[in-house]
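# Tertiary structure, described
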Amino acid sequence: MVVRAVRGMKDILPDEAARWQRLEHTFRSIVERAGYGEVRTPHLESTELFVREIGADTDVVAKEMYSFSRHDDELTVRPEGTAGAARAYVQNNLAQLEPVTRWYYLGPMFRAERPAKGRFRQFHQAGCEIYGDAGPACDAELIAMCTELVMALGVRDFVVHVNSIGSAGTRARYRDALRDYFSPLAGSLSDDSQRRLVTNPLRILDSKDPRDQEASRGAPSVSALLDEDDAAHLAKLRGYLEDLGVPYVFDPRLVRGLDYYTRTLFELKITSGELGAQDALLGGGRYDEMIQHLGNKKPVPAIGFAMGLERILAVTPLGAPRAGPDCFFAPLVESAVGRSLVLAKSLREHGVSCELDGRGQSVKAMLRRANAMKARLVAIVGQEELERGEVTVKDLDRHEQVRVPFADLFDAVRARLAVPRSSSELSRDELRVPASVP
RNA sequence: GUGGUUGUAGCUCAGUGGUAGAGCACUGGAUUGUGGCUCCAGUGGUCGCGGGUUCAAUUCCCGUCAGCCACCCCA
């Protein structure tokens with residue numbers, strides 16, 4: 001093997017792609033039902049977009065972006081979806097067209113991190129954004145929809161963490177407060193956190209190092225520093241979540257790695273341990289200042305989330321390998337191949353999925369293959385059938401076969417397909433898919 | 001980026017300083033045109049790659065690449 005896929009990126013073969021399709025279909029149907037329309041933005045953006053909106057000091061921008069120069073352009077393959085969608089919102093003047101915009105997106109993202117369990121260099125996110133509604137009702141609605149999504153995908157062991165980080169002013173005050181609190185304790189912090197004390201003291205709260213956790217015990221809570229409006233927003237959000245019956249924990253230590261967040265932050269974490277250290281299935285928050293920061297004439301509040309599809313697929317029972325064809329054509333002699341091609345084409349035009357093996361194998365080999373690919377029926381055309389203008393239709397589930405004239409093939413196939421498979425033929429995976437999955 | 005760990009058949013893995021094996025999968029046969037079970041046989045490997053030690057390296061040593069895991073951070 002001379003050329004391999006690059007590190008941290010992988011091929012998704014058809015059986016696995018079938019699981020992706022089900023996941024994507026479930027996601028689309030749930031978010032479209034809630035009023036979101038799909039937006040497709042370029043995978044390549046100006047490097048400046050991410051540097052300005054995500055923040056030059058964040059890990060994502062400082063060390064994880066795939067960036068390059070092309071002539072006079074500085075370009076970056078998108079590491080996340082929110083910045084590009086917001087850029088598209090501003091560039092296309094959406095604020096002038098409608099008061100509230102609900103978008104969703106789905107696709108690959110790229111970060112040059114060291115791969116680990118649940119972490120890849122090309123990974124996929126599906127996310128939603130709401131522009132133009134500053135109220136806590138849409139925060140609650142969005143969070144509720146996130147739980148609905150993962151429930152529909154069969155995930156049960158999760159907990160929703162919610163926090164508020166306040167507006168930009170609050171965050172600055174909180175940062176100072178944390179510096180004041182941790183500075184005298186600096187000697188007992190981990191090396192990483194001593195560095196964080198300078199760069200981003202909020203992150204110390206989130207550290208897994210026991211020394212940092214011990215030191216964080218008495219740290220000031222952001223709640224005390226929230227201004228009146230921030231606090232009211234949070235209180236209303238919590239009230240709505242209770243009205244909706246969405247279980248969540250208020251987690252004042254929840255911090256997210258992107259600079260653009262304001263007020264509401266949330267994260268949905270898996271609790272089963274299946275994802276190792278990468279327990280965040282989905283994360284999001286409000287970013288009320290980004291749209292104006294991008295140059296929009298007027299400020300537009302916004303909120304959104306992104307879900308990691310690889311991580312969902314790692315914990316969802318969504319099994320369902322690719323279905324086999326309705327009818328497998330087995331021409332037994334070369335002179336029957338042409339006729340089989342014509343019959344198969346005709347069945348397909350009537351909506352019957354067909355596969356044809358023209359390699360000239362033995363009947364046994366063809367039946368074995370039809371069985372292995374879980375075909376329901378086999379249409380056999382051998383010398384005898386050809387001479388009489390007939391085709392043998394064998395039902396692999398019921399061990400029965402009939403011989404019919406060419407012209408009657410569709411009726412015979414339709415009649416057979418109308419009879420359900422015997423229940424023992426249903427795969428366990430299909431039975432495990434939750435009822436809410438389409 | 002740091003640390004740990006593993007690379008032998010398509011997959012899961014044995015194994016030995018004297019150039020390799022099992023199970024599953026695949027192909028064929030037992031059944032002159034009938035699958036799933038069973039039995040038999042066969043195809044398939046530069047033992048990740050490069051260098052070193054040695055009469056001889058898949059085995060020992062070094063490097064490198066890749067996978068996995070943890071840290072940092074995140075989906």
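Residues numbered from 1 in each chain as written. Chains lettered and ligands numbered in written order. Predicted model: local features only at pLDDT ≥ 70, side-chain atom pairs only at ≥ 80, totals over all residues. Heavy atoms only, no water.

## Regarding the pattern of salt bridges
Rule in force here: Note on definitions: salt bridges are taken to be side-chain nitrogens of Lys or Arg within 4 Å of carboxyl oxygens of Asp or Glu. Numbering goes from the N terminus for both helices and strands, where a helix is a DSSP run of H or I of at least four residues and a strand is a run of E of at least two. Type-normalised accessible area, obtained with a 1.4 Å probe on protein chains alone, sets the label of each residue: buried when under 20%, exposed when over 50%, and partly exposed for intermediate values.
Overall, the coordinates contain 29 salt bridges when judged by the stated rule. For the salt bridge of E45 with R87, the shortest nitrogen-to-oxygen distance reads 2.5 Å. Of this pair, E45 sits in strand β2 (residues 44–46) while R87 sits in helix α4 (residues 82–91), placing them 42 residues apart in sequence. Judged by its relative accessible area of 7%, E45 falls in the buried class. Across the salt bridge formed by R263 and D230, the nearest N and O atoms sit 2.7 Å from each other. Placement of the pair is R263 in strand β9 (residues 262–270) and D230 in helix α10 (residues 228–244), with a sequence separation of 33 residues. An identical accessibility class is assigned to R263 and D230; each is buried.

## Let's talk about the sheet that holds strand β6 (residues 122–131)
Keep this limit in mind: In short, DSSP must find at least two bridges between two strands for them to pair. Any pair of residues with heavy atoms lying within 4.5 Å of one another is described as a contacting pair. Axis definition: a line fitted to C-alpha atoms, limited for helices to the stretch in contact. Angles are taken between N-to-C directions and run from 0 to 180 degrees.
Taking strand neighbours across the sheet as the criterion, the eight strands line up as β1-β5-β6-β11-β10-β9-β7-β8 in an open arrangement whose pairing is mixed. Sheet topology places β1 (37–38) and β8 (249–250) at the edges, where each strand pairs with a single neighbour. Summarising the sheet, β6 and strand β11 (residues 302–308) pair through seven bridges and their orientation is antiparallel. Note that in β11 the partner of G127 across the bridge is A306. The strands touched by α10 are β7 (158–164), β8, β9 and β10 (280–286); relative to β9, the strand with the most contacts, the crossing angle is about 35°.

## Here's the deal with the nonpolar core
Heads up, the rule is: Side-chain atoms within 4.5 Å link the members of a nonpolar core, which is a set of buried Ala, Val, Leu, Ile, Met, Phe, Trp, Tyr and Cys residues.
Ranked by size, the top nonpolar core spans 49 residues in total, and within it Y89, W103, Y131 and F182 carry the most contacts. Apart from residues lying up to four places away in sequence, Y89 is in contact with L94, A95, T101, W103, Y131, I291 and V300. Ranked by size, the runner-up nonpolar core spans 44 residues in total, among them C138, V160, V246 and L282.

## Structural notes on the sheet that holds strand β13 (residues 354–356)
Strand order in the open sheet made by the five strands is β13-β12-β14-β15-β16, with mixed pairing throughout. Either end of the sheet is taken by a strand with one partner, and the two such strands are β13 and β16 (400–405). With direction set aside, neighbouring strand axes in the sheet form an average angle of 25°. Docked against the sheet, helix α14 (residues 363–372) engages β12 (327–331), β13, β14 (377–381) and β15 (390–395), running at close to 165° with respect to β12. Most of the contacts of helix α16 (residues 409–418) go to β16, to which it runs at about 155°, and overall it touches β12, β14, β15 and β16.

## Looking at the packing of helix α6 (residues 136–152) against α10
Two packed helices can be described by the angle between their axes and the distance between those axes. The criterion, for reference: To sort the angles, those under 35 degrees are grouped as roughly parallel, those over 145 as roughly antiparallel, those from 65 to 115 as roughly perpendicular, and the leftovers as oblique. If you view the pair so one helix is near and one far, a crossing is left-handed when the near helix is turned anticlockwise from the far one by less than a right angle, and right-handed when it is turned clockwise. Under the scheme applied, nonpolar residues are Ala, Val, Leu, Ile, Met, Phe, Trp, Tyr, Cys and Pro; charged residues are Asp, Glu, Lys and Arg; polar residues are all the others, including Gly.
Where α6 meets α10, the closest approach of the two axes is 8 Å, and the angle between their N-to-C directions is 40°. Judged on the interaxial angle alone, α10 and α6 are oblique. At the point where α6 passes α10, the crossing takes the right-handed sense. In this structure, α6 contributes P136, A137, D139, A140, I143 and A144 to the contact, and α10 contributes H233, K236, L237, Y240, L241 and L244. Partitioned by chemical class, the residues of the contact of α6 with α10 number nine nonpolar, one polar and two charged.

## Quick look at the protein's contact with RNA strand B
Stated precisely, the cut-off is as follows: Near residues are defined by distance, with any heavy atom within 4 Å of the molecule or strand qualifying the residue. Distance and chemistry together define a polar contact, namely a pair of N or O atoms within 3.5 Å, with one atom able to donate a hydrogen and the other to accept it when in protein, and with adjacent residues in sequence counting only for side-chain atoms on both sides.
Close to RNA strand B lie 50 residues; R119, R196, R256, G257 and H399 are nearest. For RNA strand B, the fraction of protein-proximal atoms (within 4 Å) that sit in sugar or phosphate groups is 50%. Between RNA strand B and R114 there is a distance of 2.7 Å, counted from a base oxygen to a side-chain nitrogen or oxygen. Interatomic distance of 2.6 Å between a backbone N/O atom of K117 and a phosphate oxygen of RNA strand B. Secondary-structure elements contributing two or more residues to the surface near RNA strand B are α3 (59–63), β6, α8 (191–199), β10, β11, α14 and α15 (383–388).

## Here we look at the packing of aromatic side chains
Note the following rule: The rule is short: rings of Phe, Tyr and Trp, with Trp giving its six-membered ring, pair when the centres are within 6.5 Å, and they are stacked under 30 degrees, edge-to-face over 60, tilted in between.
The final tally for this structure, using the stated rule, is seven aromatic pairs. With a centroid separation of 4.3 Å and an interplanar angle of 25°, the aromatic rings of Y89 and Y131 are classed as stacked. Residue Y89 is located in helix α4, and its partner Y131 is located in strand β6; the two are separated by 42 residues in the primary sequence. For the pair Y89 and Y131, one class covers both residues: buried. Chaining the aromatic ring pairs together yields one cluster made of Y89, W103 and Y131.

## Let's talk about the state of the cysteines
The test is simple: Two cysteine sulfurs form a disulfide in these notes if their separation is within 2.5 Å.
Under the criterion given, the structure shown has zero disulfides. Lacking any disulfide linkage, C354 is separated from the closest cysteine sulfur, that of C327, by 5.0 Å.

## Some points on the pairing of strand β5 (residues 101–110)
Burial of β5 is extensive: 10 of the 10 residues sit out of reach of the surface. Examined bridge by bridge, β1 and β5 share two bridges and lie parallel to one another. The partner of G37 across the bridge, within β5, is W103. Bridge count for β5 against β6 is 10 bridges, and the pairing is antiparallel. Within β6, the residue paired with R102 across the bridge is I130.

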